[in-house]
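# Notes for the structure review
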Amino acid sequence: MKASRAILILLLLLAVAFSLGTVLQLHAPRWTHRSPSESVLALAFGESRQLFANHFFVKADISFHSGYYPSIFDEARQAEENDNDVSHPDEKEEPKSEGGFLGPPTDWIDRFGRHFRPTLHTHLQGGNIREILPWLRISAELDPHRVEAYTVASYWMRKHLGEVDEAEQFLREGLRANPDSYELLFELGSLYYDNRHDAGRARNVWLAALRLWQKQESGKGMPDNLSLDQITVHLAHLEEQEGNLDRAVEYFEMAKKVSPTPSQLQKQIDEIKQRLPRAGTLSPH
Amino acid sequence: MNKVFAISGVVIKELYRRKDFYVLFVLTALITLLLGSVNFFHDDRIARYLKEICLLLIWISALVIAITTTARQIPAERENRTIFPLLAKPVTRAQVITGKFLGCWLAVAVALAVFYLFFGVISGSREHAWPVLKYFQALWLQWTMLAVVIALVLFGSVIFTSPAENVTICFFAVLGILLLGGHLNTVALGLKEPARTMLYTLYFLIPHLEWFDVRDIIIYDWPRIPWLDCLLATLYAAVYVALFLFAAWLVFRRKVLTT
């Protein structure tokens, strides 16, 4: 066969392949039940991506502890995964302690081995917090319905890194994937209130969060009371700041029903009620 | 000793003639650079994820190079029948074993030096810090750990019939030790007798290669490991290296070399 004929056949086959590709590409997502907008990670990991998303979320917590983290063989692992520190930033840091979950060494191999790995419980501080962000980003990328990845990343970005725009953008990304998430709306409201000092928008967003909570959780046997507590307490503080004291009392009353510390909230209600007659007028709401 | 160095020289030359190292290095560099180009929230100071991935790739690559290079040494000499002129030099079988070990170990050192240089540049360009001594410690401990692995694989290559068999078994053994070795005591405590004693005995018998994995110290910027601990760990590894090499020689000295 002449070389020119071989080249022509090759070109013809290429043209056929290209034409078929353009025609079939439109139908391919239907056959594979995949959305054309799915990310590369989603395509690569398939259904297992939720598992990996969890792994990367835990990785963020490991990074937050600078590698000091129980292994899957330690009893403390399950507890740490369920109640990881990176998701509960407002909780007080435990005192820095040597050993910690490791306990006393069982033998000389265990004792000597500890010289080569982190054995001190610490949390990332200041700008170093940014080191957890890639893991949270990957976790959200793998499982866009993992709301915690968005809220945790946003919290650290706006509170500790001053990256408010990035935090808002990430939260909005989360809201596009989870439009009914009251957790995301609560975090967005906090961003407006704490960082943008925009009480009006914060109120609207928190009220939307409250509505969603009532729609989704109120009928449940075990509702997410922690979120309701957070939303209502924040709304109460906002209304108190804005001078709408009756509204503030109303929200504190709502929070008191689900709060783990109702007596403290009662104290605040009593304080506001004392101010109510002196305020003279009630809020127009 | 010259004969040992001559044999080891041939092994080193073999490493840079083969493509394994280049392929693994290019892959490591490519994946690291690709991940380094990802923009996380417009913050170019984020470095630890990159250090973690780069070090993981270095560890995988170094293990692959060490195990595959070592596993084919003696079987290849036997298959090509070059073992006979080698032993007729005259070179003793102990010198062949020592020379092969030294060659593989030094070849891995060259590969590790290149990998860590790359890691240092990548990490330094992000963090603007150059903890050279800490990197040296990590490199030294990894190289020491690989000495045990190479000695183990060399021992395997005089026991198992095919290099593939040796590579597979050694990979599983080394990965098993790295991932589980340090936790066998915890697992043993939860078992009943006699399984508890058996597992605890295994725990004391295996070389604890996980000690030498100090990636967390590097990634999370923990203080440098005391030099005395590094020295003790090196001595610990030396004992296992001697043990495996001696065992390899015991088997090899009586081995019939004709296939």
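First things first, this report covers the structure right here in the doc. Predicted model, so just to flag it, every value in this text is computed and none were measured. (Residues numbered from 1 in each chain as written. Chains lettered and ligands numbered in written order. Predicted model: local features only at pLDDT ≥ 70, side-chain atom pairs only at ≥ 80, totals over all residues.)

What follows is about the packing of helix α9 (residues 164-177) of chain A against helix α10 (residues 182-195) of chain A. All names here are of chain A. Viewed as axis vectors pointing N to C, α9 and α10 meet at an angle of 160°, and their least axial separation amounts to 10 Å. When the axis of α9 is compared with that of α10, the two are roughly antiparallel. Crossing angle aside, the handedness with which α9 passes α10 is left-handed. Residues V164, A167, E168, L171, G174 and L175 of α9 lie in contact with α10, whose contacting residues are L184, E187, L188, L191 and N195. (Axes fitted to C-alpha atoms, helices over the stretch in contact; angles between N-to-C directions. Helix = DSSP H or I, 4+ residues; strand = E, 2+ residues; numbered from the N terminus. Parallel < 35°, antiparallel > 145°, perpendicular 65-115°, else oblique. Left-handed = near helix turned anticlockwise from the far one by under 90°. Contact = placed C-beta atoms within 7 Å.)

Take the packing of helix α3 (residues 48-71) of chain B against helix α7 (residues 132-159) of chain B next. Residues and elements named next belong to chain B. Contact geometry of α3 with α7 gives a least axis separation of 9 Å together with a crossing angle of 30°. When the axis of α3 is compared with that of α7, the two are roughly parallel. For α3 against α7, the interelement crossing comes out right-handed. Only Q142, L146, V149, I150, V153, L154 and S157 of α7 make contact with α3, whose side of the interface consists of A62, L63, A66, I67, T70 and A71. Residues that form the contact of α3 with α7 fall into these classes: 10 nonpolar, 3 polar and no charged. (Nonpolar A, V, L, I, M, F, W, Y, C, P; charged D, E, K, R; others polar.)

Core analysis: the biggest nonpolar cluster contains 122 residues, and V108(B), V149(B), I150(B) and A151(B) have the highest contact counts within it. Two domains each donate at least three residues to this core, and these are domain 1 (38-143) and domain 2 (181-279) of chain A. Those residues in contact with A151(B) that lie beyond four places of it in its chain are F101(B), Y240(B), V241(B), F244(B) and L245(B). (Core = buried A, V, L, I, M, F, W, Y, C linked by C-beta atoms within 7 Å. Buried ≥ 20, exposed ≤ 12 C-beta atoms within 10 Å, placed from the backbone. Domains from an automatic or database assignment.)

So, on to helix α1 (residues 2-17) of chain B. Residue and element names in this part refer to chain B. In a regular helix each residue adds 1.5 Å, so 16 residues correspond to 22 Å; α1 covers 23 Å between its end C-alpha atoms and thus fits that length. Taken together, the buried positions of α1 are occupied by V4, I7, S8 and V11. Down the axis of α1, the sector holding all buried residues measures 95°, keeping them to one side. Turned more than 90 degrees away from the buried face of α1 sit N2, K13, Y16 and R17, all of them exposed. Buried residues belonging to α1 abut α4 (73-79) and α6 (93-127). (Expected span 1.5 Å × (residues − 1). Arc of directions from axis to C-beta.)

Take the interface of chain A and chain B next. Counting residues at the interface gives 24 residues for chain A and 23 residues for chain B. Of all the secondary structure elements, the ones that give two or more residues to the side of chain A that touches chain B are α6 (108-113) and α7 (133-142) of chain A. Per-element accounting of the side of chain A that touches chain B gives the leading share, 4 residues, to α7(A). Of the residues belonging to the side of chain A that touches chain B, the class tally is 8 nonpolar, 7 polar and 9 charged.

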